[in-house]
Amino acid sequence: MFKFNFDVEDGTEQSTDVNHTAPNNEPHSVQAAVPEPFTELSLADALNSLPSKISYSSITIPLTSGGELSLPRRDLFDARFQLISQNADDPDALEQPSINERSALHFLDAPSDLVPLVYEGGLKTWECSLDLASYLDGISSRFDVSGKRVLEIGCGTSIPSLYILHRIFSAPPSQNQTHIHLQDYNASVLELVTIPNIILTWYLSEAAETFRKSEERADSPMELNISEKLKDAFNESLMTYGVNLRFFSGSWDTFDLQKSCGSYNLVLTSETIYRMESLPSLTAIMRSACNAEGPKGVDDYLCLVAAKVLYFGVGGGAAEFVQCVRDLDRGGTVETVWEKTQGVERRVMSVRWN
Ligand SMILES: C[S@@+](CC[C@H](N)C(=O)[O-])C[C@H]1O[C@@H](n2cnc3c(N)ncnc32)[C@H](O)[C@@H]1O
């Protein structure tokens, strides 16, 4: 198990200390023998498994266009409470929680503890995801996401996609169909944080204004009642705004582009280039997701990677990523389009495939 403490907690940057500890064999940090397979999660099932109330905090994104944007994130203690309550309803589960539940419970307590092929850090918000959202804001006047196909790889709390959804839900409804697909290694991350964060982003947007006025508020301003009425209003907004959401879990080398209906116009990923062993499968999925084989107009696709320049003790980083893109069959080139050179160096990189 290793930790790189570059995550973001309640909107403030945390310590930049780096720990690299050996994998441990505690019963709750189960080592998976095989990578998780590609699996699609049903949005309806995820909505139905949510408790009647969720709590959240907000995270602030500095906008390139000036000012700041607050996006909501489900509280991890609330996700933990959901898992424990689900088990409490099922005496067998309480006695013998499944490996996935045990892992999820452990990692909700220690979301920075990454264990290869078990849990890859998606429960926390990592700071480069904010850089990517800010960068998307800066290019929003020249890259219109409406009507496009978007894939966020290794989404976790999905801040870049939340930014995109915030924009869509703040603009007048469009006739265009926009497809936003989110991938994470862990299905539990998608269920416990990604999907709730999307619902919260919708709920606080202009698209939900009528619904907000009509519904009974939760007791606390940072809580949301997940009623049948809310689920219906959310689904209706998705239709009105032409937003098609899909969720995929599993390891990158199992990602099935045919099942996700082909290539994308915008491929996003943040804080995913930290492990050398995963770089070949990450770059391969990025390349195929951008339809590098197709006609390549400049506006055909945009492929953006936000990352630290160095991930101490783990092996990955910007230089290793650039090399891996070059070495890939028919490869590509990487351009740094944004960087922070003070303190822990961070970049947003744009990839063009050959
Ligand atoms: C450190 S987290 C970053 C999460 C989020 N992008 C952020 O910046 O806050 C790394 C993400 O990459 C995904 N990931 C890492 N290795 C993976 C692999 N081999 N296959 C599939 N997903 C992987 C995990 O699901 C996890 O969400």
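Scroll up to find the structure.
Residues numbered from 1 in each chain as written. Predicted model: local features only at pLDDT ≥ 70, side-chain atom pairs only at ≥ 80, totals over all residues. Heavy atoms only, no water.

Looking at this structure, how should I read the overall build of the protein chain?
Looking only at helices and strands, the protein chain has eleven helices and 17 strands in total. When the 354 residues of the protein chain are sorted by exposure, 54% land in the buried category. For the protein chain, contacts bridging at least 24 residues in sequence account for 74% of all contacts bridging at least 6. Looking at the protein chain as shown, the accessible area adds up to about 15400 Å², and 50% of this sits on carbon and sulfur atoms. (Helix = DSSP H or I, 4+ residues; strand = E, 2+ residues; numbered from the N terminus. Buried < 20%, exposed > 50% of the residue type's maximum accessible area, 1.4 Å probe, protein only. Contact = heavy atoms within 4.5 Å. Areas by Shrake-Rupley, 256 points an atom, 1.4 Å probe, with all protein chains shown as cover.)

I would appreciate a short explanation of the pairing of strand 13 (residues 243-249) in the present structure.
Two faces belong to every sheet, and in a regular strand the side chains alternate between them. Among the seven residues in strand 13, six count as buried, and that is most of the element. Across three bridges, the pairing between strand 5 (residues 39-41) and strand 13 is antiparallel. Its bridge partner being in strand 13, Leu41 is matched across the sheet by Phe247. As judged from the seven bridges shared by strand 11 (residues 178-184) and strand 13, these two strands associate in the parallel manner. Looking at the pairing, Asp184 lines up with Ser249 of strand 13. (Pairing = 2+ DSSP bridges.)

Just checking my understanding: could you explain the packing of aromatic side chains for this structure?
To describe a pair of aromatic rings, you give the distance between the ring centres and the angle between the ring planes. If you walk through the whole model with that rule in mind, you get ten aromatic pairs. Between Phe38 and Phe248, the ring centres sit 5.2 Å apart and the planes meet at 20°, which makes this aromatic pair stacked. Of this pair, Phe38 sits in the loop between strand 4 (18-20) and strand 5 while Phe248 sits in strand 13, placing them 210 residues apart in sequence. In this pair, the class of Phe38 matches that of Phe248, namely buried. On the numbers, 5.6 Å between centres and 85° between planes, the contact of Phe248 with Phe255 is edge-to-face. Note on Phe255: relative accessible area 14%, which makes it buried. Counting every residue linked through ring pairs, the aromatic cluster contains Trp202, Tyr203, Phe211 and Phe234. The lysine or arginine in question, Arg149, covers the ring of Tyr264, its NZ or CZ lying 4.5 Å from the ring centre. Its guanidinium or amino end placed over the ring of Tyr301, Arg352 lies 4.2 Å from that ring's centre, counting from NZ or CZ. (Phe/Tyr/Trp six-rings, centres within 6.5 Å; stacked < 30°, edge-to-face > 60°. Lys NZ or Arg CZ within 6 Å of the ring centre and 35° of its normal.)

What am I meant to see in the pattern of salt bridges here?
Think of it this way: side chains of opposite charge can pair up when their charged atoms draw near. Overall, the coordinates contain 14 salt bridges when judged by the stated rule. The salt bridge partner of Glu209 is Lys213, with a shortest N-O separation of 3.5 Å. Of the two residues, Glu209 and Lys213 are both situated in helix 8 (residues 209-214); the distance of four residues between them amounts to about one turn of the helix. Overall, Glu209 belongs to the partly exposed group, its relative accessible area being 35%. Among the salt bridges present, the one from Glu271 reaches Lys308, with a minimum N-O distance of 2.6 Å. Of the two residues, Glu271 is situated in the loop between strand 14 (266-270) and helix 10 (279-289) and Lys308 in strand 15 (residues 302-308); the sequence distance between them amounts to 37 residues. Looking at Glu271, the relative accessible area reads 5%, which means it is buried. (Salt bridge = Lys/Arg side-chain N within 4 Å of Asp/Glu carboxyl O.)

Looking at this structure, how should I read the site of the ligand?
Taken together, 20 residues surround the ligand, and among them Trp126, Gly154, Asp184, Tyr185 and Ser270 come closest. At 2.7 Å, a backbone N or O of Gly154 approaches a nitrogen atom of the ligand. In the model, an oxygen atom of the ligand is placed 2.4 Å from a nitrogen or oxygen of the Ser270 side chain. Contact with the protein chains removes 98% of the 580 Å² of surface that the ligand exposes when unbound. Taken atom by atom, the bulk of the ligand overlaps the second largest pocket. Those elements giving two or more residues to the shell around the ligand turn out to be strand 9 (125-126) and strand 11. (Near = heavy atom within 4 Å. Polar contact = N/O pair within 3.5 Å; in protein donor to acceptor, adjacent residues only side chain to side chain. 1 Å grid on protein atoms, 1.4 Å probe; cavity = no way out; pocket = protein on both sides within 12 Å on 5 of 7 lines; lining within 4 Å. Sits in = over half its atoms within 2 Å of the grid points.)

Whenever I open this one, the layout of surface pockets confuses me. Can you help?
A water-sized probe, rolled over the atoms, reveals where empty space remains. Roughly 450 Å³ of volume is contained in the second largest pocket. Lining the second largest pocket are 33 residues, and of these Glu120, Tyr185, Trp252, Thr272 and Tyr274 lie nearest its centre. At the level of elements, strand 9 and strand 11 are the ones that each hand at least two residues to the lining of the second largest pocket. For the lining of the second largest pocket, the residue count by class is ten nonpolar, 15 polar and eight charged. (Points joined across faces, edges and corners; volume = space filled by probe spheres on them. Nonpolar A, V, L, I, M, F, W, Y, C, P; charged D, E, K, R; others polar.)

I'm lost on the sheet that holds strand 14 in this one. Help?
Taken in spatial order, the eight strands of this open sheet run 5-13-11-10-14-15-17-16, and their pairing is mixed. Sheet topology places strand 5 and strand 16 (332-340) at the edges, where each strand pairs with a single neighbour. Direction aside, the axes of adjacent strands within the sheet are offset by 20° on average. Sheet topology places strand 15 next to strand 17 (residues 346-353); five bridges connect them, and they run antiparallel. (Axes fitted to C-alpha atoms, helices over the stretch in contact; angles between N-to-C directions.)

What's the story with helix 10 in this structure? I'm lost.
Residues spaced three or four apart along an α-helix face the same direction, because each turn holds 3.6 residues. The buried count for helix 10 comes to eight of eleven residues, which makes it a mostly enclosed element. The complete set of buried residues in helix 10 reads Leu279, Ser281, Leu282, Thr283, Ile285, Met286, Arg287 and Ala289. Looking at the buried residues of helix 10, the elements they touch are strand 10 (149-153), strand 14, strand 15, helix 11 (318-327) and strand 17. Where helix 10 ends, the next residue or the one after it, Asn291, has phi of about 50°, a positive value.

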